[in-house]
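Chain residues, written in single-letter form:
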Amino acid sequence: MKSPLARHLRRAAIRHERRARTPGAADGPLRLSLAELLSLHGEGSLPVLVMLLSMFTLIPVGGAGWFVSFFIGALGWYWARGREHVALPASLGRLSLNERWSLRSLHGLAWLYQRANRWLRPRWQAWRHEGTRGWWGAWIAVMAFIIFLPLPFGNVLPSLSLVLLGLGWMFRDGLALLAASAAGVGAVAYTVAFGQVAIDLTQRGWNWLFG
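Residues numbered from 1 in each chain as written. Predicted model: local features only at pLDDT ≥ 70, side-chain atom pairs only at ≥ 80, totals over all residues. Heavy atoms only, no water.

1. Some words on the pattern of salt bridges
This is how the line gets drawn: What makes a salt bridge here is a side-chain nitrogen of Lys or Arg within 4 Å of a carboxyl oxygen of Asp or Glu, nothing more. A run of H or I in DSSP becomes a helix once it reaches four residues, and a run of E becomes a strand once it reaches two; helices and strands are each numbered from the N terminus. Exposed residues in this analysis have more than 50% of their type's maximum accessible area, buried residues have under 20%, and partly exposed residues fall in between, with area computed by a 1.4 Å probe over protein chains only.
Evaluated as defined, the whole model comprises 2 salt bridges. The partner of R123 in a salt bridge is D173, with the nearest N and O atoms 2.8 Å apart. Here D173 lies in the loop between α8 (156–171) and α9 (174–210) and R123 lies in the loop between α6 (99–119) and α7 (133–148), a separation of 50 residues in the sequence. Looking at D173, the relative accessible area reads 0%, which means it is buried. As a salt-bridge pair, E130 and R133 come within 2.7 Å of each other at their nearest N and O atoms. When its relative accessible area of 47% is taken as the criterion, E130 is described as partly exposed. By relative accessible area, which is 4% here, R133 ends up buried.

2. Some remarks on α8
Working note: α-helix, 3.6 residues per turn, so residues spaced by three or four point in the same direction. For clarity, the threshold we go by: Multiplying 1.5 Å by the helix residue count minus one yields the expected span of that helix.
Here α8 is 16 residues long and its end C-alpha atoms lie 22 Å apart, about the 22 Å a rise of 1.5 Å per residue gives. Of all 16 residues in α8, 12 are buried, a share of seventy percent or more. For α8, the full list of buried residues reads P158, S159, S161, L162, V163, L165, G166, L167, G168, W169, M170 and F171. Remark: R172 follows α8 within two positions and exhibits a positive phi of approximately 55 degrees.

No statement about biological role is implied by the geometric values presented.
The structure is reproduced here in structure tokens:
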């Protein structure tokens, strides 16, 4: 299903590399915006947007995870309402990657779609039933909240969960959705464990200062 898309993104990466290597081809460093990345998919479907925004939180752009988490949470509401397409806000679409991460994103997405085309297929349809939209909408909101929190490496598991959710929904693969749930449970467990450690350290510090 997504093999042509993988080839399309790979060709876009090659064009990007050629432009970067050609003297005078660009006035400055080549940068890829989120809106341009979405347009390469040829559609603004909700699963694609959830997946791209989740991956964007993993890229080392200052404050990107905190900023994008608000929009991911809003997408959870649209998901629960059954919306299939959502327009990308202009302020979000202007977020851009530097030249290195632009190339990495294009090659990474091409690799991801190529593997997904091999491994994912329609199965376990109960996980993707329309009646589960409310559940998945709430799940997206919870993952967005965890991404928002300033936890060390706290974006990895919730972002992975949302990427698997987007792919599972696009490929109608309930097994991928089950994997998304497992990654999300891990994200919740990590958040709770980190919170417990933070509370314990705070109490110890308070007792040391004032005990």
